[in-house]
Amino acid sequence: MRTIIVVIGSLLVLVVTLHDAFEVMLLPRRVKSRLRVVRSFFRSSWRLWSGIARRISSEEKRHNYLSLYGPLSMVVLLLVWAAGLIAGFGTLYWALDYEPSARLSWPNQLYFSGVTFFTLGYGDLVPHTPIAKLLVVFEAGTGLGFIAIVIGYLPVLYQLFARREASVIMLDAAAGSPPSAVTLLIRHAEGESLKELEDLLHEWQQWCAELLESQLSYPMLAYYRSQHDNQSWLAALTAIMDCCALLMVGFKGVRTFRARLTFSTARQAVIEMGRVFQVGARPFADDRLSTLNYELLCSDLAKAGLRFADEESVEQKLAAFRATYEPFLNGLAWYLVLSLPDWLPI
């Protein structure tokens, strides 16, 4: 009876670990399985890591500390998967390789399992029963497959990260650092390049779609932080959505179609990512756009030749648009310990 329980427990560990690794590295979609090791791992480790980060007073030190979490967590996750597989197979050997004259202790079986998983083949320990020999072949194949998948998986992850950050870096030239919607609009208006602004918003609509696809499949990418000061993918997304909101309110002689499409895609990405991390809307403690800043915003835009079509209802319309996305952005910013840019340039 005891052997049966050990075998069932070992098989459960193997199935859960293999299932989790398959879903994360090979299945390109969001998975809702409740047995995911990766979900529990990131939720618990990030809670501890971010809790320590919130106690660091220096912004630079906090940023450097948080930037370690993304790559370090991936290394630890791979080790957790490997350890789960080695422990599962090792316990199975201990339960099934029951030759009385040469029965090995559980620690020795774990050692034998590790040697087999990484296909080292020292030959100092060998299986004795037919079923144990069959398991050795299966574990060796599993180890080779696991290592091959990891080798192919990590470059894909970093390619997605690099593609995301390239657009964030290029936005600096148009929206400043940290980025702001007012700077983005003024620079295009003063350069008589509002048509180019539509092209830029189209590129960011595609960026939002790629963000939605990549970070739903690989949510750990959200923990990877930008390597440059005053930059983050969430801050860039916020500036783009602020810009779209202003355009949708309506400037004289400026079309709103592209802004509406980009805003819709961006908002979908924000809400879906909040669902992945189980983060809801979080209202701001202070209004992100106070009355005084709103008046400065209108003045700066007017100087650049951007005047609202219906000035009497602008503030009300803008507040209605802001209510549909700002709380969700703030929820993600609080969870990921990221700062959101202001409406006006610093």
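The structure we're discussing is the one just above.
Remember, it's a predicted structure, so these values are computed and weren't measured experimentally. (Residues numbered from 1 in each chain as written. Predicted model: local features only at pLDDT ≥ 70, side-chain atom pairs only at ≥ 80, totals over all residues. Heavy atoms only, no water.)

This paragraph deals with the nonpolar core. With 104 residues, the main nonpolar core has Met220, Trp233 and Leu237 as its most contacted residues. Beyond its immediate sequence surroundings of up to four residues, leucine 237 is in contact with Trp207, Cys208, Leu211, Ala266, Val270 and Leu329. (Core = buried A, V, L, I, M, F, W, Y, C linked by side-chain atoms within 4.5 Å. Buried < 20%, exposed > 50% of the residue type's maximum accessible area, 1.4 Å probe, protein only. Contact = heavy atoms within 4.5 Å.)

Right, let's talk about the packing of aromatic side chains for a bit. With the rule as written, the count across this model stands at 23 aromatic pairs. Centre to centre, the rings of tyrosine 69 and tyrosine 223 are 5.2 Å apart; their planes meet at 70 degrees, and the pair counts as edge-to-face. On the criterion of sequence distance, the pair formed by tyrosine 69 in helix H4 (residues 69–96) and tyrosine 223 in the loop between helix H8 (194–217) and helix H9 (233–249) is long-range, its members being 154 residues apart. A residue is classified by how much of its surface remains accessible, and tyrosine 223, at 3% relative accessible area, is buried. Measuring from ring centre to ring centre gives 5.1 Å for phenylalanine 117 and phenylalanine 118, while their planes differ by 90 degrees; the resulting arrangement is edge-to-face. Assessed through its relative accessible area of 39%, phenylalanine 118 is described here as partly exposed. (Phe/Tyr/Trp six-rings, centres within 6.5 Å; stacked < 30°, edge-to-face > 60°. Helix = DSSP H or I, 4+ residues; strand = E, 2+ residues; numbered from the N terminus.)

Attention now goes to helix H5 (residues 106–117). Across its 12 residues, H5 extends 16 Å between first and last C-alpha, which sits within 8% of the 16 Å expected from 1.5 Å per residue. Taken residue by residue, H5 has Gln109, Phe112, Ser113, Gly114, Val115, Thr116 and Phe117 as its buried positions. Next to the buried residues of H5 lie H4 and helix H6 (130–175). Of the residues trailing H5, threonine 119 is marked for its positive phi of about 50 degrees. (Expected span 1.5 Å × (residues − 1).)

The next subject is the environment of alanine 53. Its location among the elements puts alanine 53 in helix H2 (residues 37–53). In the structure, alanine 53 is positioned 12 residues away from tyrosine 65 in sequence and 7.0 Å away in space, judged by C-alpha atoms.

This part covers the pattern of salt bridges. Two side chains that carry opposite charge are able to pair once their charged atoms sit near each other. Taken as a whole and assessed by the stated rule, the structure comprises eight salt bridges. Here glutamate 326 ties to arginine 322 by a salt bridge, and the two come within 3.2 Å at their closest N and O atoms. The residues glutamate 326 and arginine 322 share a single accessibility class, namely buried. Each member of the salt-bridge network shares a partner with another, and the members are Asp242, Asp287, Arg288, Arg322 and Glu326. (Salt bridge = Lys/Arg side-chain N within 4 Å of Asp/Glu carboxyl O.)

The next subject is a nonpolar patch on the surface. Among the surface-exposed residues, Tyr111, Phe118, Leu120, Tyr122, Ile147 and Ile151 lie close enough to one another that they form a single nonpolar patch of about 610 Å² accessible area. In this structure, isoleucine 147 sits in helix H6. Given a relative accessible area of 33%, isoleucine 147 falls into the partly exposed group. (Patch = residues over 30% accessible without salt bridge, like charges linked within 9 Å, V, L, I, M, F, W, Y side chains within 5 Å. Areas by Shrake-Rupley, 256 points an atom, 1.4 Å probe, with all protein chains shown as cover.)

Now for the environment of threonine 183. Looking at where threonine 183 falls in the secondary structure, it is placed in helix H7 (residues 181–190). As a C-alpha pair, threonine 183 and glutamate 196 span 13 residues in sequence and 15 Å in three-dimensional space. Ignoring any residue separated from it by four or fewer positions in sequence, one finds threonine 183 in contact with Ala174, Ala175, Gly176 and Pro345. Among the polar contacts listed, one links the side chain of threonine 183 to the side chain of serine 180, at a separation of 2.7 Å. (Polar contact = N/O pair within 3.5 Å; in protein donor to acceptor, adjacent residues only side chain to side chain.)

For the pair H7 and helix H11 (residues 291–303), the least separation of the axes is 9 Å and the interaxial angle reads 15 degrees. Here H7 is positioned roughly parallel relative to H11, judged by the angle of their axes. Of the two elements, H7 crosses H11, and the hand of that crossing is right-handed. Across the interface between the two elements, Val182, Leu185 and Ile186 of H7 pack against Leu297, Asp300 and Leu301 of H11. Across the contact of H7 with H11, the residue classes break down as five nonpolar, no polar and one charged. (Axes fitted to C-alpha atoms, helices over the stretch in contact; angles between N-to-C directions. Parallel < 35°, antiparallel > 145°, perpendicular 65-115°, else oblique. Left-handed = near helix turned anticlockwise from the far one by under 90°. Nonpolar A, V, L, I, M, F, W, Y, C, P; charged D, E, K, R; others polar.)

A separate point is the side chain of serine 73. Within the secondary structure layout, serine 73 lies in helix H4. Judged by its relative accessible area of 4%, serine 73 falls in the buried class.

Our next topic: unusual backbone geometry. Here the residue pair serine 177 and proline 178 is connected by a cis peptide bond, since its omega of 0 degrees sits within 30 degrees of zero. By the element assignment, proline 178 lies in the loop between H6 and H7. Even without glycine at this site, threonine 119 takes up a positive phi of about 50 degrees. Along the chain, the position of threonine 119 falls in the loop between H5 and H6. The backbone of glutamine 278 sits at a positive phi, close to 55 degrees, despite the residue not being glycine. Summarising the element assignment, glutamine 278 is placed in the loop between helix H10 (257–276) and H11.

Attention shifts here to the environment of phenylalanine 321. Here phenylalanine 321 shows up in helix H12 (residues 314–322). Phenylalanine 321 sits in the partly exposed class, given a relative accessible area of 21%. Separated by 187 residues in the primary sequence, phenylalanine 321 and leucine 134 have C-alpha atoms spaced 62 Å apart. Those residues in contact with phenylalanine 321 that sit more than four places away from it in its chain are Ala245, Met248, Val249 and Phe263.

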